[in-house]
Amino acid sequence: IISRLQSGKLVTSHPVPFFDTLADAISASMGGTSGILLEIMFRKMSTFLNASDSATGIDGKKMVEAFFEGVNAVSFYGGATVGSRTMLDALFPAVDAMTKGEDGAKAAVDGAQSTADMGTASAGRSNYLNEDTLSGTPDPGAVAVGLVLTALYDSLK
């Protein structure tokens, strides 16, 4: 992503091309199911904002709505939801908090930590692990989401 920023392949001038080119960057560099799902999330955000931009413009509320749409796309295509012990255990609480005007990054971190108490997983790589292995360890994808949202939040302060 840094090399794409430096080369101008990651467009930062407007949210619509930003999320579209971010999806391209993830597709080109991140393997596995998480990479595919994050690509889908950012593409959905881009298309949602593209429709909103021409109709009413893009403001903070539209950005939260776009995030909601992207997270729902991850849930739909990934077949998981809150409680599945996946990145969605961080993403959905973040959306909920942002919708209420609260700290989405903190909600994501709290959601990620809550996965350490889940004895089973119904989706993702954790699905293949037993309860003894999962107990006390938060889901790595959810933790990663918490870290990314915290870094974004801190950079916008």
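This one's a predicted model, so the numbers in the text were calculated from it and none came from an experiment.

1. A closer look at the overall build of the protein
Turning to step 1, where the next piece is worked out: On a plain count of helices and strands, the protein comes out with 8 helices and 0 strands.
Turning to step 2, where the next piece is worked out: Secondary structure of the protein in N-to-C order comes out as α-α-α-α-α-α-α-α.
Turning to step 3, where the next piece is worked out: Counting the 157 residues in the protein, one finds 37% classified as buried.
Turning to step 4, where the next piece is worked out: Looking at the protein alone, contacts between residues at least 24 apart form 51% of all its contacts between residues at least 6 apart.
Turning to step 5, where the next piece is worked out: Accessible surface, the protein: about 8700 Å² in total, of which carbon and sulfur atoms supply 57%.

2. Quick look at the confidence of the model for the protein
Turning to step 1, where the next piece is worked out: A residue-level look at the protein finds 88% of positions with pLDDT of 70 or above and a mean pLDDT of 88.
Turning to step 2, where the next piece is worked out: Across the protein, the secondary-structure element scoring lowest on mean pLDDT is helix α7 (residues 131-134), at 64, and the one scoring highest is helix α5 (residues 88-99), at 97.

3. Section: the side chain of S52
Turning to step 1, where the next piece is worked out: Its place among the elements puts S52 in helix α3 (residues 32-55).
Turning to step 2, where the next piece is worked out: According to the relative accessible area criterion, S52 is buried, its value standing at 6%.
Turning to step 3, where the next piece is worked out: In contact with S52, other than residues within four places in its own chain, are G57 and K62.

4. Overview of the packing of helix α6 (residues 104-114) against helix α8 (residues 140-156)
Turning to step 1, where the next piece is worked out: Between α6 and α8, the least distance of the axes is 8 Å, while the angle of their chain directions is 165°. Classified by the angle their axes make, α6 and α8 are roughly antiparallel. The chirality of how α6 crosses α8 is left-handed. Residues G104, A105, A108, V109 and A112 of α6 form the contact with α8, whose own contacting residues are A142, V143, V145, G146, L149, T150 and Y153.
Turning to step 2, where the next piece is worked out: Its residues assigned to classes, the contact of α6 with α8 comprises 9 nonpolar, 3 polar and no charged.

5. Some remarks on the packing of aromatic side chains
Turning to step 1, where the next piece is worked out: Evaluation of the coordinates by the stated rule reveals 3 aromatic pairs.
Turning to step 2, where the next piece is worked out: Pairing F19 with F42 gives two aromatic rings, centres 5.9 Å apart and planes at 5°, and the pair type is stacked. On the criterion of sequence distance, the pair formed by F19 in helix α2 (residues 15-29) and F42 in helix α3 is long-range, its members being 23 residues apart. F42 carries the same exposure label as F19, and that label is buried.
Turning to step 3, where the next piece is worked out: Ring-pair connections join several aromatic residues into one group, and the members of that group are F18, F19 and F42.

6. With respect to the pattern of salt bridges
Turning to step 1, where the next piece is worked out: Counted by the stated rule, this structure contains 8 salt bridges.
Turning to step 2, where the next piece is worked out: Salt-bridge contacts for R43 lead to D24; the nearest nitrogen and oxygen are separated by 2.5 Å. Here R43 is found in helix α3, whereas its partner D24 is found in helix α2, with 19 residues between them in sequence.
Turning to step 3, where the next piece is worked out: Note on R43: relative accessible area 27%, which makes it partly exposed.
Turning to step 4, where the next piece is worked out: For D24, a relative accessible area of 31% corresponds to the partly exposed category.
Turning to step 5, where the next piece is worked out: In this structure, K100 engages D96 in a salt bridge whose closest nitrogen and oxygen atoms are separated by 3.2 Å.
Turning to step 6, where the next piece is worked out: On the accessibility criterion, K100 (53% relative accessible area) is exposed.
Turning to step 7, where the next piece is worked out: Each of D20, D24, E39 and R43 takes part in a single network of salt bridges with overlapping partners.

The rules we used
Residues numbered from 1 in each chain as written. Predicted model: local features only at pLDDT ≥ 70, side-chain atom pairs only at ≥ 80, totals over all residues. Heavy atoms only, no water. Helix = DSSP H or I, 4+ residues; strand = E, 2+ residues; numbered from the N terminus. Buried < 20%, exposed > 50% of the residue type's maximum accessible area, 1.4 Å probe, protein only. Contact = heavy atoms within 4.5 Å. Areas by Shrake-Rupley, 256 points an atom, 1.4 Å probe, with all protein chains shown as cover. pLDDT = per-residue confidence, 0-100. Axes fitted to C-alpha atoms, helices over the stretch in contact; angles between N-to-C directions. Parallel < 35°, antiparallel > 145°, perpendicular 65-115°, else oblique. Left-handed = near helix turned anticlockwise from the far one by under 90°. Nonpolar A, V, L, I, M, F, W, Y, C, P; charged D, E, K, R; others polar. Phe/Tyr/Trp six-rings, centres within 6.5 Å; stacked < 30°, edge-to-face > 60°. Salt bridge = Lys/Arg side-chain N within 4 Å of Asp/Glu carboxyl O.

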